[in-house]
Amino acid sequence: TRLHNKAPNADFYLIIGQRGNGKTVGVLSYFLQKYKDTKKRFCYIRRWDEDIKPYRAELLFTGYLGTLIEQLFGAGYHVTYWRHKYYLCNADNEKIDVIGYALSLSSVAHTKSVSYERVGYILYDEFIQMASERQLPDELSKFDNTLSTIIRGENKDVKIYLCANTVSKFSPYFVRFGIEINKVKQGDIITREFPIDEDDKTVLRVAFEYCAFNKEVSK
């Protein structure tokens, strides 16, 4: 909420902070509310195909988010995952609608022909690479290709979110968006604008939040 109030018209929102402080849950809660209000779907992106295998992907909308789904759509409503799609289902387990898609950067070359319809929001989760995690070659290019696969046709004015735990202060995304991470303090929110077209003065708006330290989460 603080980030949206600070930069309501940003194109990219980057959010980092300690593990378990609710970054991903907060963003997905926002997506669910927006789907209810506008029927705009989301795309959930991870680095590796292994991260969106059914046994992992189907856990995304459990716990707090499972409770929220019932509050938003009715008792017994839930979300199921099948073939890279998240479905809103009723209490009789009938699929009502696709509310989101899941894809990985590592397999973007195989998803260029997939149709992503009515997408208004994208979340790239865990964008900061773990120290023990193997590197994805040419990641920024794959990230760009993934966005171009999604943002086309009727998908316009898409808001893009990147979330990660503060496991490292190095990320190519910080460099790309001009974020000097060593100068950012916990609790800070900063914004950046990058010119896209000098003729019509179009700019790319980026907002970055380094979430404040939460003592309860730390415990």
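This text goes with the structure placed above it.
Moving on to the overall build of the chain. The helix and strand inventory of the chain stands at seven helices and nine strands. Since a compact globule built from 219 residues should have a radius of gyration of about 17 Å, the 17 Å found for the chain is in line with a globular shape. By its C-alpha atoms, the chain is 50 × 45 × 35 Å across when sized along the principal axes. Counting contacts in the chain only where the partners sit at least 6 residues apart, residues at least 24 apart contribute 69% of the total. Carbon together with sulfur atoms contributes 48% to the accessible area of the chain, which is approximately 12000 Å² in total. Side-chain charges of the chain comprise 32 positive and 28 negative groups, with the mean position of each set lying 3 Å from the other.

Checked against the element boundaries, G74 lands in the loop between α4 (64-73) and β3 (78-82). A relative accessible area of 21% means that G74 is categorised as partly exposed. Note: C-alpha distance between G74 and A91 (17 residues apart in sequence) is 8.6 Å.

The next point concerns unusual backbone geometry. For E126, which is not glycine, the phi dihedral falls at a positive 60°. Within the fold, E126 resides in the loop between β6 (119-125) and α5 (139-150).

Ranked by size, the top nonpolar core spans 36 residues in total, and within it F127 and F208 carry the most contacts. Other than its neighbours up to four places away in sequence, F208 contacts L3, L14, I16, F174, I179, I181, V184, D188, I189 and I190. Ranked by size, the runner-up nonpolar core spans 34 residues in total, among them Y13, L88, A102 and L123.

Given two aromatic rings, their pairing is described by the distance between the two centres and the angle made by the two planes. In the structure shown here, the tally under the stated rule is 19 aromatic pairs. Ring centres 6.0 Å apart and planes at 25° place the aromatic pair F31 and F42 in the stacked group. Within this pair, whereas F31 is found in helix α2 (residues 23-38), its partner F42 is found in strand β2 (residues 41-46), the two being separated by eleven residues in sequence. Centre to centre, the rings of F31 and Y161 are 5.5 Å apart; their planes meet at 75°, and the pair counts as edge-to-face. Of this pair, F31 sits in helix α2 while Y161 sits in strand β7 (residues 159-165), placing them 130 residues apart in sequence.

Scoring rules and cut-offs
- Residues numbered from 1 in each chain as written.
- Predicted model: local features only at pLDDT ≥ 70, side-chain atom pairs only at ≥ 80, totals over all residues.
- Heavy atoms only, no water.
- Helix = DSSP H or I, 4+ residues; strand = E, 2+ residues; numbered from the N terminus.
- Rg over C-alpha atoms; globule rule 2.2 N^0.38 Å.
- Contact = heavy atoms within 4.5 Å.
- Areas by Shrake-Rupley, 256 points an atom, 1.4 Å probe, with all protein chains shown as cover.
- Lys, Arg positive; Asp, Glu negative; His and termini not counted.
- Charge placed at Lys NZ, Arg CZ, Asp CG, Glu CD.
- Buried < 20%, exposed > 50% of the residue type's maximum accessible area, 1.4 Å probe, protein only.
- Core = buried A, V, L, I, M, F, W, Y, C linked by side-chain atoms within 4.5 Å.
- Phe/Tyr/Trp six-rings, centres within 6.5 Å; stacked < 30°, edge-to-face > 60°.

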